[in-house]
Amino acid sequence: MTQTFVDAAGLAQIDRDRSAMIAEAEGRAALQVLEKLGDDDWRRPTDCVEWDVRTLVSHLVAQCEDNISLRTMLRREIAGRRRHRGKGPIDAHMAAQVEDHLEASGPDLVAEFAELWPRAVQARRSRPGLMRRTNLDTGMPTAPRVSVGHLLDTIYNRDLWMHRIDLARATGQTITVGDHDGQIVEQAVRDLALAWSEAPIALELTGPAGGTWLIGSGEPKAVIRADTLHYMRALAGRDPDVALELVSGAESALAAARRARIVF
């Protein structure tokens, strides 16, 4: 049975050159959503419960700034810890990001993103190997430490991809799926497999960016099927009640798949 599924944990981590190509494609897809935002959209709530559309876009701009300037990133890290002591380090940093753009209009933020994202992609690609090999605590108890290289090459692209979905859902836009989406999903499934501590399962994700993978080591004890975008949202904590289909196997595997989380 295991021979019919791709071993997700054995997938290679994406390299910086392929990451840059994916990032360029995802930046273009995100801009297609951003450029359609109208006057009535900026205050709409999003699946990021503390952010409306304008605030979410300000986070995307600030993320670019952090990628381009390590000094800016460090300044916000310090500011976030000082101003938001009740938040975890990542949430505190993002709060500082948003605070830096409180006065910007929505259209101005879109223009900034269009100008900064290509620069951010190249800045991430150029970070030296010694820096890339440094390991970071994700702040998630169930997730292993990740390298800076993994953050730069995988997680930042994944973050923009998920926020594009957030924005499309918030404003009623169609979620478009291109060739690069499947590569982002594949790397997310890889991270799921690396963090998996339950009995092995076969995961079938349906739709144009989907695939079928072995999660865990050994013969799968269950086969679970889900819509790709819905399950990615569940892994990001957006949809804890995601509809999963137990094709075969134990109900406990279904519960494990439903509560799984990875870094987005």
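Quick note: structure is the one above.
Residues numbered from 1 in each chain as written. Predicted model: local features only at pLDDT ≥ 70, side-chain atom pairs only at ≥ 80, totals over all residues. Heavy atoms only, no water.

## Side note on the pairing of strand β4 (residues 201-206)
Then comes step 1: Here β4 lies mainly inside the structure; 5 of its 6 residues are buried.
Then comes step 2: In the sheet, β4 pairs with strand β5 (residues 211-215) via 5 bridges, with the strands oriented antiparallel. Along β5, the bridge assignment pairs Leu-205 with Gly-211.
Then comes step 3: Hairpin connection of β4 to β5: 4 residues between the antiparallel strands, including Gly-207 at a positive phi of 105°.
Then comes step 4: Here 5 bridges tie β4 to strand β6 (residues 222-227), and the two strands are oriented parallel to one another. Note on β6: the bridge partner recorded for Glu-204 is Arg-225. (Buried < 20%, exposed > 50% of the residue type's maximum accessible area, 1.4 Å probe, protein only. Helix = DSSP H or I, 4+ residues; strand = E, 2+ residues; numbered from the N terminus. Pairing = 2+ DSSP bridges.)

## Looking at the packing of aromatic side chains
Then comes step 1: Across all of its chains, the model carries 1 aromatic pair by this definition.
Then comes step 2: Consider the rings of Phe-113 and Trp-117, whose centres lie 5.6 Å apart with planes at 25°: the pair is stacked. Of the two residues, Phe-113 and Trp-117 both sit in helix α5 (residues 106-125), 4 residues apart, roughly one turn of that helix.
Then comes step 3: Here Phe-113 falls in the buried class, since its relative accessible area comes to 1%.
Then comes step 4: Just above the ring of Phe-264 sits the side chain of Arg-158; from NZ or CZ to the centre is 5.4 Å. (Phe/Tyr/Trp six-rings, centres within 6.5 Å; stacked < 30°, edge-to-face > 60°. Lys NZ or Arg CZ within 6 Å of the ring centre and 35° of its normal.)

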